[in-house]
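Report on the structure
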Amino acid sequence: MDNTVSSTTDRRKPGRISRSAVDQALAGYLFVLPAFVSLVVFLLGPIVYSFYISFFHFSFLDPQNASFAGFDNYLHLFVDPVFLQALGNTFIYTIGVVPIQTAVALLLAVIVNRIRGKTFFRIAYYLPTVTSTVAVAVMFIFIFNPNGLLNSFLSLFGIQGPNYFNDPTLALPAVMSVAIWSSVGQFMIFYLAGLQDISDEVYEAAAIDGASGFRLLWSITMPLLRRTTFLVVVMGMIGAFQVFDTVYVISNGNGGPIGSTMTVVLDLFNKAFKDMQMGYASAMAFVLFAIILIFTLLQNWLLGRED
Amino acid sequence: METKRSAFKASKFMLYFIAILYACITLVPFFWSIYTSLKPTSEVFNTFAPLKDLNFSSYAYILTQFPFGHWLLNSALVAVIVTIGNLIVNTLAGYAFARLKFPLRGFLFYVFLAIMMVPGQVLLVPIYMMLANMGWIDTYQGLTIPFLMSPVMIFLARQFFLGVPKELEEAGKIDGLTHWGIFFKIFLPLSMPMMSAQIILTFQGNWNSFMWPVLLETSQKMYTLPVGLNSFYGEYNAYWNSVLAGTILLSLPMIIVFLIFQKQFVRGVATTGIK
């Protein structure tokens, strides 16, 4: 750590701060300055301010009448039916999306790694990830239309398909399938990168022991990809908890039908900018932050334990 | 031996079968959208009817009757400014954290790292209020200036610069280069892979972003494409061929960039995965 360039000059002038070290420190501050200004003005400052107003009844339209609320905003969340439904939906969404997208991403990575045409499949699988979530949502609204592609396909087999996004029991699962479709590619790339690090010798040794197929996958590949899996699961959970774009477009911003696609971030967005309850929305944002922080710490703990 | 070989062939066949099946799942929605965008409105729900002729009128309709062209320019302008700004700000900071010694360096770096954990939604209310007070809602500066720095990208740049051997730096010192000179003449030419990863990830994120734009763009002339498409879909969802033409218009530029730079994309995504 101390073997940087300046140490040669430092040695010549013991006990004094050399000119070169001052130069270097100045250059360092100048290089960091733009990022630091942005950090303070657009991240740290706003976060602190938001935390502050989360303890007030605060409307942006009427800032003069803000009143101290103590923990009211936080406590009210636990009796707010819309928030509780949003939280429940977001948990269901996360529990449904993360395991499936992780498993599919792993399976596809293992397959793509073993067949020809790797480049083609990688491009095909990654396309949904480079596509705007709004475009994805619109494409699937059309495909899931009562008379759309999916139901036309089902009708070939004599099945009368439902109206997915207008059915309170089916709307959330349909949104979840859209999310899985659009994020599998990204996580498959993570797994492909992880697979590059596993040497062929490991497989050869296992093959000599008579392992093959799914057994090889289960007892050799999966344990070696543990780090990647942790990363994929945690990033997946964080992303799932922040879901907004697709539900906003699909439900036209209201989380319908009857609240079945209301998520935490959509609720936050509506409380802040439709109802103008800025203090309450801020409290909601910090609860979201706490949940995501728990996921992240869990990840660090799991990864740290391994090293 | 024979049975083993045929079992091997069968399993190989299964692998290709699954791979191709999933490729269909990802590609069919795109083809279906293009296909439908080329149909006349009356034929849209006539699902399996063949295309009679290539009908580009839906594209002409959205580009001439609606400001899709203007939204496309807005998207490009905002994404380019945000990408260039981020590239400069994050690369400089990443370099300083990796290569320059200055008091409080470690502490500052940990502040940036800690901020990475805060979800963007926490900023919705305070940034909106700040921009509203400055009169920056529905302006280009409001869409760009708050978003010119990314702790994740600083981290990525720092990781890259940490890996450059220090002999190169010393050679520069001997040649009498200043710290700026060493950065510009020695490090920057080496950082193309890291910078292209940054450019791709930032551009893609901004081009596709929706939550901030839908909040900050209140008039039609300021819409970027995702917000424009959402509002167009909301009003004209009876005209699916035009809505899907808009979807293609929004997706295609990013898809073309991806097809050209797919190696860099994959490498960029993989680097964010290795933390």
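Residues numbered from 1 in each chain as written. Chains lettered and ligands numbered in written order. Predicted model: local features only at pLDDT ≥ 70, side-chain atom pairs only at ≥ 80, totals over all residues.

1. Things to note about the overall build of chain B
The following threshold applies: Counting from the N terminus, the helices are DSSP H or I runs at least four residues long and the strands are E runs at least two residues long. The quantity called the radius of gyration is restricted to C-alpha atoms. Its globule counterpart is 2.2 Å times the number of residues to the power 0.38. Neighbour density around each residue's C-beta defines its exposure: 20 or more other C-beta atoms within 10 Å make it buried, 12 or fewer make it exposed, and counts between make it partly exposed, where C-beta atoms are placed from the backbone. Contact between two residues is assigned whenever their backbone-derived C-beta positions fall within 7 Å.
Summing up its helical and strand segments, chain B has 14 helices and 0 strands in all. Relative to a compact globule of 275 residues, whose C-alpha radius of gyration would be 19 Å, chain B shows 24 Å and is clearly more extended. Taken along the three principal axes of its C-alpha coordinates, chain B extends 75 × 75 × 35 Å. Going through the 275 residues of chain B one by one, you find that 40% of them count as buried. Considering only contacts within chain B whose residues lie at least 6 apart along the sequence, 75% involve residues at least 24 apart.

2. Topic: the overall build of chain A
Tallying secondary structure elements over chain A gives 14 helices and 2 strands in all. Against the globule reference of 19 Å for 307 residues, chain A gives a C-alpha radius of gyration of 26 Å, more extended than a compact globule. Projecting the C-alpha coordinates of chain A onto the three principal axes gives extents of approximately 90 × 75 × 30 Å. Residues counted as buried form 41% of the 307 residues belonging to chain A. For chain A, long-range pairs separated by at least 24 residues make up 69% of all intrachain contacts whose partners lie at least 6 apart in sequence.

3. Points about the packing of helix 4 (residues 81-114) of chain A against helix 13 (residues 264-273) of chain A
Residue and element names in this part refer to chain A. Using the following cut-off: To obtain an axis, a line is fitted to C-alpha atoms, over the contacting stretch when the element is a helix, and the angle between two such axes runs from 0 to 180 degrees between their N-to-C directions. The cut-offs work like this: below 35 degrees is roughly parallel, past 145 is roughly antiparallel, 65 to 115 is roughly perpendicular, and the gaps in between are oblique. Polar here means any residue other than Ala, Val, Leu, Ile, Met, Phe, Trp, Tyr, Cys and Pro, which are nonpolar, and Asp, Glu, Lys and Arg, which are charged; Gly is therefore polar.
The N-to-C vectors of helix 4 and helix 13 enclose an angle of 150°; their axes lie 8 Å apart at closest approach. Put simply, helix 4 runs roughly antiparallel to helix 13. Contacts between helix 4 and helix 13 involve Val-82, Phe-83, Ala-86, Leu-87 and Thr-90 from the former and Val-264, Leu-266 and Asp-267 from the latter. Among the residues making up the contact of helix 4 with helix 13, the classes are represented as 6 nonpolar, 1 polar and 1 charged.

4. Remarks on the interface of chain A and chain B
Chain A puts 74 residues into the contact, and the matching count from chain B is 78 residues. The dominant element in the side of chain A that touches chain B, judged by the number of residues it contributes, is helix 2 (residues 19-53) of chain A, at 18 residues. Partitioning the side of chain A that touches chain B into residue classes produces 53 nonpolar, 17 polar and 4 charged.

5. Quick look at the nonpolar core
Residues and elements named next belong to chain A. Formally: By convention the nonpolar core is taken to be a set of buried residues drawn from Ala, Val, Leu, Ile, Met, Phe, Trp, Tyr and Cys and joined through C-beta atoms within 7 Å. An automatic or database domain assignment provides the domain bounds reported here.
One finds Ala-105, Val-138 and Met-188 to be the most contacted residues of the largest nonpolar core, which totals 153 residues. It is helix 8 (residues 171-196) that provides the largest number of residues to this core, a total of 15 residues. Each of domain 1 (6-53) and domain 2 (76-306) contributes no fewer than three residues to this core. Once you skip the residues sitting within four places of it in the chain, Ala-105 turns out to touch Val-184, Phe-187, Met-188, Tyr-191 and Val-232.

6. Side note on helix 9 (residues 179-190) of chain B
Here is the rule we go by: Helix span is expected to be 1.5 Å times the residue number reduced by one. This arc corresponds to the set of directions leading from the helix axis out to the C-beta atoms.
Taking 1.5 Å as the rise per residue, helix 9 of chain B with 12 residues should run 16 Å; its terminal C-alpha atoms sit 16 Å apart, in good agreement. For helix 9 of chain B, the complete set of buried residues consists of His-179, Ile-182 and Phe-183 of chain B. Here the buried residues of helix 9 of chain B occupy an arc of 95° about the axis, which is enough to place them on one side. The exposed residues of helix 9 of chain B that point more than 90 degrees off its buried face are Trp-180, Phe-184 and Pro-189 of chain B. Those residues of helix 9 of chain B that are buried lie in contact with helix 2 of chain A together with helix 3 (68-99) and helix 8 (166-174) of chain B.

7. Points about the domain arrangement of chain A
Many descriptions give the size of an interface as the accessible area lost when the pieces come together. The domain architecture assigned to chain A consists of domain 1 (6-53) and domain 2 (76-306). For domain 1 of chain A versus domain 2 of chain A, the separation of C-alpha centres amounts to 39 Å.

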